[in-house]
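# Commentary on secondary and tertiary structure
Take a look at the letters that make up each chain.
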Amino acid sequence: MKLVTFQNGQEHPRAGLVTSYGVVDLAHASYFLYPAVEALPDDVLKLLYLEEGLDKAYAVYEALEHQRPKQLTFYESEAIRLYSPILRPGALLDFYTFEQHVSTCRAKRGLDVVPEWYQYPAYYNGNPRAVGGYDDVIQFPKGEDRRDYELELAVVIGKKGKDISVEEAGQYIAGYTVMNDWSARSVQAQVMKIGLGPAKGKDFATTLGPCLVTADEINDVRNLTMTAHINGKEWSRGNSGDSHYTFEQMIAFASEGVTLYPGDVLGSGTVGTGCGLELGKFLQPGDLVELEIEGIGKLRNRVAALPQ
């Protein structure tokens, strides 16, 4: 099942289901199919907080796939605006789990991979207020001259948990989405000399989308092709299975002494070759950036043009 947050003339973005007929409003569809039952939420985050919310949404999806009600409106993707599947994640944790990316980027700074990297799935806290979605135009910080994308797979937490074991962590996964961890490399390089992480070069924008694919629909999350195209030309290609750590290990580490909540987003870190810094080339104003992950879809954004 694929969930989206979309808008088509409504007052505010709403939760939608991707069906073989197009995107349908989840709350409207649930009310139409089951009028005697309270309609499902019109927000994906609220759906994740609802007891058995995903199961109830799947029941709606199954019913729609068996019969298309003429009374419901199904939208073509080109006719709607897509937002981040989770509009307001409570937490945005971005990991650092692909050895090729880590070793290449550290080598550019004259550094080796430290032994501790092989002991802990390290992450930094991103800015959940700066999350955007499909087709958003990305404005880099003023004066930044090394604009970069980062191709990542992200997991969305589906239920509250603390001190989660690796063995139980899979039960906390609601689904997966594509993540672009936009990076302002010049400011990042300067601030990281202090030793407190990359945050200032990262906190201006993160995009997620185009949808949230529930975990049951991904056959093997450790074998998904990941690509990045810039202005139609392939720059990056990798595989999710090259990650040194699994999402179960990331969830377990992140939840040590800390509570994770539905809608929290955990990024895998950048796949090998998955950013301009590794490749020695950077984005220009006006560039079209398309990140795609097998089984999930394509996340598209454009770098803002320079002001005239």
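Notes on the structure in this doc start here. (Residues numbered from 1 in each chain as written. Predicted model: local features only at pLDDT ≥ 70, side-chain atom pairs only at ≥ 80, totals over all residues. Heavy atoms only, no water.)

## Some thoughts on the overall build of the chain
Quick note on the threshold: Runs of H or I in DSSP of at least four residues are treated as helices and runs of E of at least two as strands, each being numbered from the N terminus. Two things to know: the radius of gyration comes from C-alpha atoms, and the globule rule equals 2.2 Å times the number of residues to the power 0.38. Summary of the burial criterion: residues with accessible area below 20% of their type's maximum are buried, those above 50% are exposed, and those between are partly exposed, where the area comes from a 1.4 Å probe applied to protein chains only. Contacts are assigned to residue pairs that have any heavy atoms within 4.5 Å of one another. Method for areas: the Shrake-Rupley scheme with a 1.4 Å probe, in which residue coverage is limited to the protein chains shown.
The secondary structure content of the chain amounts to 7 helices and 21 strands. On C-alpha atoms alone, the chain measures out to a radius of gyration of 19 Å, which is about the 19 Å that the 2.2 N^0.38 rule sets for 308 residues. In terms of overall dimensions, the chain has a C-alpha envelope of 65 × 50 × 30 Å along the principal axes. Counting every position in the chain, which comprises 308 residues, the buried fraction comes to 53%. Counted over contacts in the chain with a minimum sequence separation of 6, partners at least 24 positions apart contribute 73%. Carbon and sulfur atoms form 48% of the exposed surface of the chain, whose accessible area is close to 14400 Å².

## Topic: the packing of aromatic side chains
Worth spelling out the cut-off: For this analysis, a ring pair means two rings from Phe, Tyr or Trp (six-membered ring only for Trp) whose centres lie within 6.5 Å, classed as stacked if their planes differ by under 30 degrees, edge-to-face if by over 60, and tilted for the remaining angles. Consider the ring centre and the ring normal. A charge sits over the ring if Lys NZ or Arg CZ is within 6 Å of that centre and within 35 degrees of that normal.
Considering all chains together, one arrives at 12 aromatic pairs under this definition. Residues Tyr58 and Tyr61 carry aromatic rings whose centres are separated by 5.7 Å and whose planes lie at 40° to one another, so their mutual orientation is tilted. Placement of the pair is Tyr58 and Tyr61 together in helix H3 (residues 53-66), with a separation of 3 residues, close to one helical turn. Tyr58 sits in the partly exposed class, given a relative accessible area of 34%. With a centroid separation of 5.9 Å and an interplanar angle of 55°, the aromatic rings of Tyr176 and Phe247 are classed as tilted. Separated by 71 residues along the polypeptide, Tyr176 in strand S13 (residues 173-180) and Phe247 in helix H6 (residues 247-254) bring together distant segments of the chain. Given the relative accessible area of 5%, Tyr176 is considered buried. Connected via pairs of aromatic rings, a cluster forms that spans Phe95, Tyr120, Tyr123 and Phe253. The positively charged end of Lys159 is found above the aromatic ring belonging to Tyr172, 4.7 Å away from the centroid. One cation-aromatic arrangement involves Lys281 over Trp235; the distance from NZ or CZ to the ring centre is 4.3 Å.

## Focus on the pattern of salt bridges
The following threshold applies: Whenever a carboxyl oxygen of Asp or Glu lies within 4 Å of a side-chain nitrogen of Lys or Arg, that contact is scored as a salt bridge.
Under the defined criterion, the tally for this structure stands at 12 salt bridges. In this structure, the salt-bridge partner of Arg14 is Asp25, at a minimum N-O distance of 2.4 Å. Of the two residues, Arg14 sits in strand S2 (residues 14-19) while Asp25 sits in strand S3 (residues 22-25), which places them 11 residues apart along the sequence. Here Arg14 and Asp25 have matching classes, each one buried. In this structure, Asp135 engages Arg300 in a salt bridge whose closest nitrogen and oxygen atoms are separated by 2.8 Å. With a gap of 165 residues between them, Asp135 in the loop between strand S8 (131-132) and strand S9 (137-138) and Arg300 in strand S21 (residues 297-303) connect regions that are remote in the sequence. You can call Arg300 partly exposed: its relative accessible area is 26%. Each of Asp148, Glu150, Asp181, Arg185 and Lys202 takes part in salt bridges that share partners, so that together they form one network.

## Brief notes about the side chain of Asp43
Rule in force here: Think of a polar contact as two N or O atoms within 3.5 Å of one another; within protein, one of them needs to be a possible hydrogen donor and the other a possible acceptor, and neighboring residues in sequence only count if both atoms come from side chains.
Along the polypeptide, Asp43 turns up in the loop between helix H1 (26-33) and helix H2 (44-49). In terms of polar contacts, Asp43 uses its side chain to reach the backbone amide nitrogen of Lys46, at 3.0 Å. At 2.9 Å, the side chain of Asp43 and the side chain of Arg88 are in polar contact. Sequence-distant contacts of Asp43, that is, excluding residues within four places in its chain, are made with Ala15, Leu87 and Arg88.

Note that every value here comes from positions in space, so none of it alone points to a role or purpose.
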